[in-house]
Every structure is written in C-alpha cells, then in structure tokens.
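Residues per chain, in single letters:
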Amino acid sequence: MPLLSLRIAPDPCLSTPSRPVDEVDQDIRKLLDDMLETMYENNGCGLAANQVGILKRLVVIDISDNPASPKPIKLVNPEILWVSEEETSISEGCLSVPDQYAEVSRPAEAHIRYLDENGCSQEIKGDGLLAACIQHEIDHLNGTLFIDHLSALKRSLILRKMQKQLKYRAL
Ligand code: NI
C-alpha cells in the first residue's frame with residue numbers, strides 16, 4: 001500500500017470543507033487503508049482525508065497505545081449527534097502542524113454517527129482522548145485545525161515557529 005503525502009499548514013486543503021462520500025466502494029476502502037498506513041507510519045492517532053489532499057469526508061483513528069494490537073476505526077461521513085456540556089482540556093498535536101502542541105478545550109464526551117467501510121450506519125460514544133480525537137478529525141473535515149481553537153496570539157506564535165522550521169528543513 002502506498003504511503004500518502006501529508007499536507008502541512010497553511011496548505012489550502014486544510015482550510016477547505018470536505019464533501020460527503022456518495023458510496024463506500026472499493027476505492028474508498030483502499031483509500032482508508034492507505035490513510036491508516038500513512039497515519040501509523042507518522043505515529044499519528046488520527047488522520048482526515050484532506051490532510052493527504054483528498055477533500056472527502058473520511059477519517060481514520062487509532063488511540064490504542066500498543067502498536068502490537070492496533071484498534072483502527074474507519075469513519076465515512078461522520079456526524080456529531082451530541083456533545084456534553086462539560087468541557088475538558090487535552091494537549092493536542094496534528095500531523096499537519098508538525099511538532100506543535102497546545103491545550104485545546106472541547107466537550108468531554110461526544111456521540112457520533114458514521115458509515116463503516118461496508119457502508120453500514122454505526123454510532124460511537126466516546127470520552128477522554130477518543131472524544132477529543134473524533135472532534136479534532138471532524139474539525140478537519142470542516143476545514144478547521146486545532147490551532148484555530150487557540151487565541152490569535154498563541155495561534156500566530158505556532159505558525160511563526162512552523163515557518164522557521166520549514167526554512168530550517170529547506171536548508
Ligand atoms: Ni489533525
């Protein structure tokens with residue numbers, strides 16, 4: 001399976017809302033598998049299709065911390081059905097914002113509906129890291145990055161650090 005190339009902020013794909021998938025066919029299943037492999041290769045716990053330049057509502061997640069027993073979740077057209085009023089703050093990072101981490105406050109629990117890789121409707125209710133990860137990935141599908149939840153000052157500091165890193169890498 002080929003690895004897909006990651007888009008890094010401020011790539012325009014990351015700020016563009018993605019379109020729903022009409023049919024979960026063989027091409028979509030292949031793309032989900034390639035996305036999972038790309039996520040594992042880069043040590044991520046979630047990846048949305050627009051992070052590899054594909055504007056479709058597809059997400060892969062694996063929050064298990066034991067690489068020997070992966071627990072991949074593949075989400076097609078995920079929608080949030082309910083979030084808790086209670087919020088919690090978790091330190092988040094993103095494969096499209098490399099090496100930058102910040103505390104993001106989000107609803108502590110989330111309940112979502114999605115299609116699985118066979119096109120069957122499923123629901124997940126999650127809290128903790130899973131709830132944060134699901135909301136972070138659905139944000140991607142809507143063209144939002146975790147740094148968009150931060151104050152303008154914190155966000156611009158992170159973007160400036162990233163620009164410096166990019167320059168450094170180009171040398
Ligand atoms: Ni991300």
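In what follows, the accompanying structure is described. All of these numbers come straight from a predicted model, not from anything done at the bench.

**So, the overall build of the chain**
Stage number 1. Assigned secondary structure in the chain consists of 3 helices and 7 strands.
Stage number 2. Sequence-ordered secondary structure for the chain, helices as α and strands as β, is α-β-β-β-β-β-β-β-α-α.
Stage number 3. Its C-alpha radius of gyration of 16 Å places the chain within 12% of the 16 Å reference for a compact globule of 171 residues.
Stage number 4. C-alpha extents for the chain along the principal axes are approximately 45 × 40 × 35 Å.
Stage number 5. Residue pairs in contact within the chain that sit at least 24 positions apart in sequence constitute 64% of those at least 6 positions apart.
Stage number 6. Just so you have it, the chain exposes about 9,400 Å², and 51% of that area is on carbon and sulfur atoms.
Stage number 7. If you average the places of the 18 positive and of the 26 negative side-chain charges in the chain, the two averages end up 8 Å apart.

**Remarks on the side chain of aspartate 116**
Stage number 1. Summarising the element assignment, aspartate 116 is placed in the loop between strand 6 (109-115) and strand 7 (121-127).
Stage number 2. One buried charged residue, aspartate 116, remains without a salt bridge, the closest side chain of opposite sign being arginine 29 at 7.4 Å.
Stage number 3. Here asparagine 118 takes part through its backbone nitrogen, which lies 2.8 Å from a polar atom of the side chain of aspartate 116.
Stage number 4. Setting aside residues no more than four positions away along its own chain, aspartate 116 makes contact with Val24, Lys74, Val76 and Gln122.

**Notes on the nonpolar core**
Stage number 1. Counting 15 residues, the largest nonpolar core has Ile28, Leu32, Met35, Leu47, Leu58, Val60 and Val76 as the members making the most contacts within it.
Stage number 2. Of all elements in the fold, only helix 1 (26-41) and strand 2 (58-61) reach the threshold of two or more residues within this core.
Stage number 3. Top element by residues in this core is helix 1. It accounts for 6 residues.
Stage number 4. Discounting residues that sit within four places of it in the chain, valine 76 has contacts with Val21, Val24, Ile28, Leu32, Arg57, Leu58, Tyr114, Leu115 and Asp116.

**Structural notes on the pairing of strand 7**
Stage number 1. The sheet contact formed by strand 6 and strand 7 spans 7 bridges and is antiparallel. Note on strand 7: the bridge partner recorded for arginine 113 is glutamate 123.

**Section: the pattern of salt bridges**
Stage number 1. In this structure the tally under the stated criterion is 9 salt bridges.
Stage number 2. Two residues, lysine 30 and aspartate 34, come together in a salt bridge whose shortest N-O distance is 2.8 Å. Of this pair, lysine 30 and aspartate 34 both sit in helix 1, 4 residues apart, which is roughly one turn of the helix.
Stage number 3. The partly exposed category is assigned to lysine 30, whose relative accessible area is 39%.
Stage number 4. Looking at aspartate 34, the relative accessible area reads 5%, which means it is buried.
Stage number 5. Linking arginine 155 and aspartate 148 is a salt bridge whose minimum nitrogen-to-oxygen distance equals 2.9 Å.
Stage number 6. Overlapping salt bridges, with partners in common, bring together Asp33, Lys74 and Glu117 in one network.

Conventions and cut-offs
Residues numbered from 1 in each chain as written. Predicted model: local features only at pLDDT ≥ 70, side-chain atom pairs only at ≥ 80, totals over all residues. Heavy atoms only, no water. Helix = DSSP H or I, 4+ residues; strand = E, 2+ residues; numbered from the N terminus. Rg over C-alpha atoms; globule rule 2.2 N^0.38 Å. Contact = heavy atoms within 4.5 Å. Areas by Shrake-Rupley, 256 points an atom, 1.4 Å probe, with all protein chains shown as cover. Lys, Arg positive; Asp, Glu negative; His and termini not counted. Charge placed at Lys NZ, Arg CZ, Asp CG, Glu CD. Buried < 20%, exposed > 50% of the residue type's maximum accessible area, 1.4 Å probe, protein only. Salt bridge = Lys/Arg side-chain N within 4 Å of Asp/Glu carboxyl O. Polar contact = N/O pair within 3.5 Å; in protein donor to acceptor, adjacent residues only side chain to side chain. Core = buried A, V, L, I, M, F, W, Y, C linked by side-chain atoms within 4.5 Å. Pairing = 2+ DSSP bridges.

Everything listed here is a matter of geometry and, on its own, says nothing about what the molecule does.
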